[in-house]
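Spelled out, the chains give:
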Amino acid sequence: PRFLSYLLVIMSNFLNRWIFSTNHKDIGTLYLIFAIFAGVVGTALSVLIRLELAGPGIQILGGNHQLYNVIITAHAFVMIFFMVMPALIGGFANWFVPIMIGAPDMAFPRLNNISFWLLIPAFTLLLSSSFVETGAGTGWTVYPPLSSISGHPGGSVDLAIFSLHVAGASSILGACNFITTIFNMRAPGMTMHRLPLFVWAVLITAFLLVLSLPVFAGAITMLLTDRNFNTAFFDASLGGDPVLYEHLFWFFGHPEVYILILPGFGIISHIISTFSRKPVFGYIGMVYAMVSIGVLGFIVWAHHMYTVGMDVTTRAYFTATTMVIAVPTGIKIFSWVATMWGGSIHLKTPMIFAIGFVFLFTIGGLTGVVLSNAGLDLAFHDTYYVVGHFHYVLSMGAVFSMFAGYYYWIGKMSGFNYPENLGVIHFWCTFVGVNCTFFPQHFLGLASMPRRIPDYPDAYAGWNYVSSFGSSISVFAILIFFVLTYETL
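Residues numbered from 1 in each chain as written. Predicted model: local features only at pLDDT ≥ 70, side-chain atom pairs only at ≥ 80, totals over all residues. Heavy atoms only, no water.

A.B. asks: Tell me what's going on with the overall build of the protein chain, and back it up with residues and numbers.
C.D. replies: Summing up its helical and strand segments, the protein chain has 15 helices and zero strands in all. Compactness check: the protein chain gives a C-alpha radius of gyration of 22 Å against a globular reference of 23 Å for 489 residues, within 12% of the reference. Dimensions of the protein chain, computed from the C-alpha atoms along their principal axes, are close to 65 × 60 × 40 Å. Across the protein chain, contacts joining residues at least 24 apart in sequence account for 82% of those joining residues at least 6 apart. (Helix = DSSP H or I, 4+ residues; strand = E, 2+ residues; numbered from the N terminus. Rg over C-alpha atoms; globule rule 2.2 N^0.38 Å. Contact = heavy atoms within 4.5 Å.)

As structure tokens, this is what we get:
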């Protein structure tokens with residue numbers, strides 16, 4: 001009986017600390033563990049993609065093209081909604097925003113708890129959508145008519161929609177929590193213009209989430225009723241308009257990509273300042289650059305839709321506004337460089353990840369400016385050039401900032417030091433791997449290789465082989481990261 005009561009105490013302690021947690025640090029840790037798990041799943045899916053594309057012809061999926069599209073779709077959803085957002089917003093923001101503003105915890109600690117636990121059923125729903133019927137092979141954009149009941153009969157897409165609803169609810173609740181916390185719980189004297197840049201980044205991200213996710217929820221709810229209750233929002237044969245879905249989706253989808261990168265901007269600002277041993281160059285400029293990116297992010301969405309047949313005036317407008325977004329982004333790049341300029345630079349692991357971020361994010365930004373041009377995009381749309389572009393800003397922007405933040409803060413979070421030499425090795429393996437994977441994709445795009453195809457003409461074989469080889473280097477880098485984490489903890 002004594003042993004049993006001891007066990008019960010241990011279990012109830014565990015339950016209260018981890019399951020019913022209202023502690024922002026513990027919840028942040030749960031988010032980070034979840035993000036690492038989802039990252040492994042998402043990476044495994046990407047490896048399957050690259051194995052199938054390693055050479056022309058059928059490789060590993062036995063000619064099951066629907067399965068290939070399901071893997072593509074799951075890879076995107078897992079990486080975006082269950083890896084990057086939980087790590088940057090749920091993990092690092094939860095851990096450090098209250099500390100940075102001098103608050104005892106988040107404004108709504110119980111809400112914080114359910115924001116995390118909603119992700120578990122959301123992730124389960126997404127994975128189950130891949131395993132019922134033939135899976136949801138719609139791409140992360142879920143465009144009708146492919147996602148309609150005629151294009152995808154069965155429950156897969158409905159499960160995916162429900163998953164996105166639940167993940168969206170989690171994000172909205174978390175965003176409300178951050179907005180309230182940052183506005184109401186700053187320590188005396190911590191004015192908005194003294195806020196650390198990471199806190200600003202999270203605040204702007206939270207506003208983007210609150211403003212964009214409800215539109216997305218509306219779009220997928222309409223898709224749900226089209227599929228199950230015979231409405232015709234997106235069914236052209238009944239007077240609906242599939243292009244309406246695209247507008248609604250991208251009104252969320254474009255702010256979403258800024259949601260993914262803005263917290264990374266904040267992390268990078270802190271790291272470059274710390275390891276250059278000087279305050280960040282142009283603090284106010286950095287803040288208003290992020291605010292501008294947040295505002296402009298809502299008025300550029302149709303640059304994802306140049307090929308749907310818009311007026312030339314509309315295309316001109318979206319080209320112009322998209323190019324304007326490059327200005328505040330450029331301000332941030334130059335301010336980071338100016339922060340390092342004349343600084344006493346210490347090249348520890350967080351700093352080399354941050355420098356890698358600045359360099360690779362700049363390349364991704366430049367290909368983005370290329371794509372902003374409506375005329376050029378007619379040729380590049382739905383080719384591997386676009387895939388190369390967004391993986392440079394995400395796989396080397398968001399992910400590098402996540403690793404940089406991990407190395408920067410793991411000592412604060414765990415109380416243990418990471419082995420510096422392994423961190424440097426991890427950086428170089430990742431750097432070589434991702435560039436080897438994604439740089440050749442720009443060449444494939446220039447040669448008109450389409451996205452989301454499981455097979456291709458022999459002419460594209462060379463660069464695809466290089467790209468697939470790069471992905472195996474990246475996987476090796478992740479193994480090093482796990483060895484490093486084991487050594488650290």
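A.B. asks: Tell me what's going on with helix H3 (residues 65–101), and back it up with residues and numbers.
C.D. replies: The end-to-end C-alpha distance of H3 is 50 Å, a good match for the 54 Å that 37 residues give at a rise of 1.5 Å each. Taking the largest bend as the criterion, H3 deviates by roughly 50 degrees, centred on alanine 93. Among the 37 residues of H3, 32 are classified as buried, and the element is accordingly described as predominantly covered. Where H3 begins, the side chain of asparagine 64 points an oxygen toward the backbone nitrogen of glutamine 66, at a separation of 3.3 Å. Phi turns positive one or two residues past the end of H3, at glycine 102, with a value near 75 degrees. (Expected span 1.5 Å × (residues − 1). Bend = angle between axes of the 7 residues up to and from the residue. Buried < 20%, exposed > 50% of the residue type's maximum accessible area, 1.4 Å probe, protein only. Polar contact = N/O pair within 3.5 Å; in protein donor to acceptor, adjacent residues only side chain to side chain.)

A.B. asks: Before we move on, can you summarise a nonpolar patch on the surface with the specific residues and values?
C.D. replies: On the surface, Phe3, Leu4, Tyr6, Leu7, Ile10 and Met11 cluster together into a nonpolar patch covering about 660 Å² of accessible area. For methionine 11, the position within the fold is in helix H1 (residues 2–19). (Patch = residues over 30% accessible without salt bridge, like charges linked within 9 Å, V, L, I, M, F, W, Y side chains within 5 Å. Areas by Shrake-Rupley, 256 points an atom, 1.4 Å probe, with all protein chains shown as cover. Salt bridge = Lys/Arg side-chain N within 4 Å of Asp/Glu carboxyl O.)

A.B. asks: Can you tell me about the packing of aromatic side chains, naming the residues and giving the values?
C.D. replies: The final tally for this structure, using the stated rule, is 53 aromatic pairs. Here phenylalanine 216 and phenylalanine 252 contribute two aromatic rings whose centre-to-centre distance is 4.2 Å and whose plane-to-plane angle is 15 degrees, an arrangement assigned as stacked. Separated by 36 residues along the polypeptide, phenylalanine 216 in helix H7 (residues 197–228) and phenylalanine 252 in helix H8 (residues 242–276) bring together distant segments of the chain. Take phenylalanine 216 and phenylalanine 252: they sit in the same class, and that class is buried. (Phe/Tyr/Trp six-rings, centres within 6.5 Å; stacked < 30°, edge-to-face > 60°.)

A.B. asks: Pulling in residues and values, what's your account of the pattern of salt bridges?
C.D. replies: Two side chains with opposite charge may pair up if their charged atoms get near one another. Under the criterion given, the structure shown has two salt bridges. One salt bridge connects aspartate 158 with arginine 227, and the closest N-O pair in it is separated by 3.0 Å. Here aspartate 158 is found in helix H6 (residues 156–184), whereas its partner arginine 227 is found in helix H7, with 69 residues between them in sequence. Accessibility classification places aspartate 158 together with arginine 227 in one group, the buried group.

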